[in-house]
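# Reading the structure
These are the residues of each chain, in order.
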Amino acid sequence: MMFSKYDFIKDIKPINEDWRIKVRVIRCWKVPNFYRKDFDDNVDMILMDEQVGKIHATVKGSLQVRKKIQERDVYFVKFFGVGLNGDIFRPNRHDYRLSFNLRTNVKSTFDASIPVNGFDFVDFDVIEKEASNSPYLVDVVGLLTGVGDVVEHVVSGRKTKMIVLELDNLRISSDPIDSNMKLPQLSCQSSYSFENNFLKDTKRRCISDIKNCWW
């Protein structure tokens, strides 16, 4: 299945059922079915095309196509559902999201023109301004200055584990990097502090511990 012509993510709307796209899976994660433990996990993805357009897509756990999809790989995809992007938490800002079904065709391909990562880092100041009314999930980058203990919450009758992290803001510039620019040297005395030397007073956790606490 090779497309002589394909559509771009920015143009996708529910009015058409014959969309054909070439996309890279830049993020992929499993979503458990909390109501039916005997059902296979759904697979959610963020897809990106060569124009760096991004859209959220879901593959039901009952569909065999979920087994062939790998993060970072590129695929031709056609015959999928299109619906409103109206979840409480939305991993990107496209108005719509995709739903793979029994008719959906997925074919692996290669295209180096589609970036491997689709990061769109947001400054902490912007996050603070939008935190109270924005449903969108964002990308952040910062200096890890604190790691809390594992905390267990009960949400809608389900237990969920959470770790609180403290990040120090690293302001992101949209300007191209000057190859002649010299990076400043860090002094021996760190300028970062958090609640009376948080790092020394807080119990450290290994990466393996954090991975095992993922819900």
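Please read these numbers as outputs of a predicted model, since none were measured by experiment.

## Focus: the sheet that holds strand E2 (residues 42-48)
The strand order across the open sheet formed by 7 strands is E5-E6-E3-E2-E1-E4-E7, and the pairing between neighbours is mixed. Of all strands in the sheet, those with a lone pairing partner are strand E5 (81-84) and strand E7 (105-109), marking the two edges. Ignoring strand direction, the axes of neighbouring strands in this sheet form an average angle of 40°. The sheet contact formed by E2 and strand E3 (residues 54-59) spans 6 bridges and is antiparallel.

## Quick notes on unusual backbone geometry
With a phi angle near 65°, Val 52 is a residue other than glycine that sits in the positive phi range. Tracing the sequence through the fold places Val 52 in the loop between E2 and E3. Judged by its relative accessible area of 45%, Val 52 is partly exposed. Phi is positive for Arg 72, close to 85°, though the residue is something other than glycine. Along the polypeptide, Arg 72 turns up in the loop between E3 and strand E4 (74-78). Residue classification places Arg 72 among the partly exposed residues on the basis of a relative accessible area of 47%.

## Points about the nonpolar core
Grouped together as the largest cluster of nonpolar side chains are 21 residues, with contacts concentrated most on Met 45, Leu 47 and Phe 100. Among the elements of the structure, strand E1 (20-31), E2, E3, E4 and strand E6 (96-100) are those that each provide at least two residues to this core. For Phe 100, the residues in contact, after removing those within four places along its chain, are Met 45, Leu 47, Ala 57, Thr 58, Val 59, Leu 63, Ile 69, Val 77, Phe 80 and Val 106.

## Section: the confidence of the model for the protein
Where the model shows low pLDDT, its predicted coordinates should not be examined in detail. Looking at the protein as a whole, its pLDDT mean stands at 79, while 76% of the residues score no less than 70. Every residue in residues 176-196 scores below 50 in pLDDT, and together they form 7 contacts with partners more than four places removed in sequence or on other chains.

## Concerning a nonpolar patch on the surface
Judged by side-chain polarity, Val 138, Val 140, Leu 144, Leu 165 and Leu 167 come together as a nonpolar surface patch covering roughly 380 Å² of accessible area. As for its position among the elements, Leu 167 is in strand E9 (residues 158-169). Judged by its relative accessible area of 33%, Leu 167 is partly exposed.

## Focus: the side chain of Asn 42
Along the chain, the position of Asn 42 falls in strand E2. If near-sequence neighbours (up to four positions away) are discounted, Asn 42 is found in contact with Trp 29, Lys 30, Val 31, Thr 58, Val 59, Lys 60 and Gly 61.

## Here we look at the pairing of strand E8 (residues 142-155)
When E8 meets E9, the two strands line up antiparallel, connected through 11 bridges. By the bridge assignment, Leu 143 is partnered in E9 with Asp 168. Hairpin connection between E8 and E9: a loop of 2 residues separates the two successive antiparallel strands, and Ser 156 in this loop has a positive phi of roughly 55°.

Rules behind the numbers
- Residues numbered from 1 in each chain as written.
- Predicted model: local features only at pLDDT ≥ 70, side-chain atom pairs only at ≥ 80, totals over all residues.
- Heavy atoms only, no water.
- Pairing = 2+ DSSP bridges.
- Helix = DSSP H or I, 4+ residues; strand = E, 2+ residues; numbered from the N terminus.
- Axes fitted to C-alpha atoms, helices over the stretch in contact; angles between N-to-C directions.
- Buried < 20%, exposed > 50% of the residue type's maximum accessible area, 1.4 Å probe, protein only.
- Core = buried A, V, L, I, M, F, W, Y, C linked by side-chain atoms within 4.5 Å.
- Contact = heavy atoms within 4.5 Å.
- pLDDT = per-residue confidence, 0-100.
- Patch = residues over 30% accessible without salt bridge, like charges linked within 9 Å, V, L, I, M, F, W, Y side chains within 5 Å.
- Areas by Shrake-Rupley, 256 points an atom, 1.4 Å probe, with all protein chains shown as cover.
- Salt bridge = Lys/Arg side-chain N within 4 Å of Asp/Glu carboxyl O.

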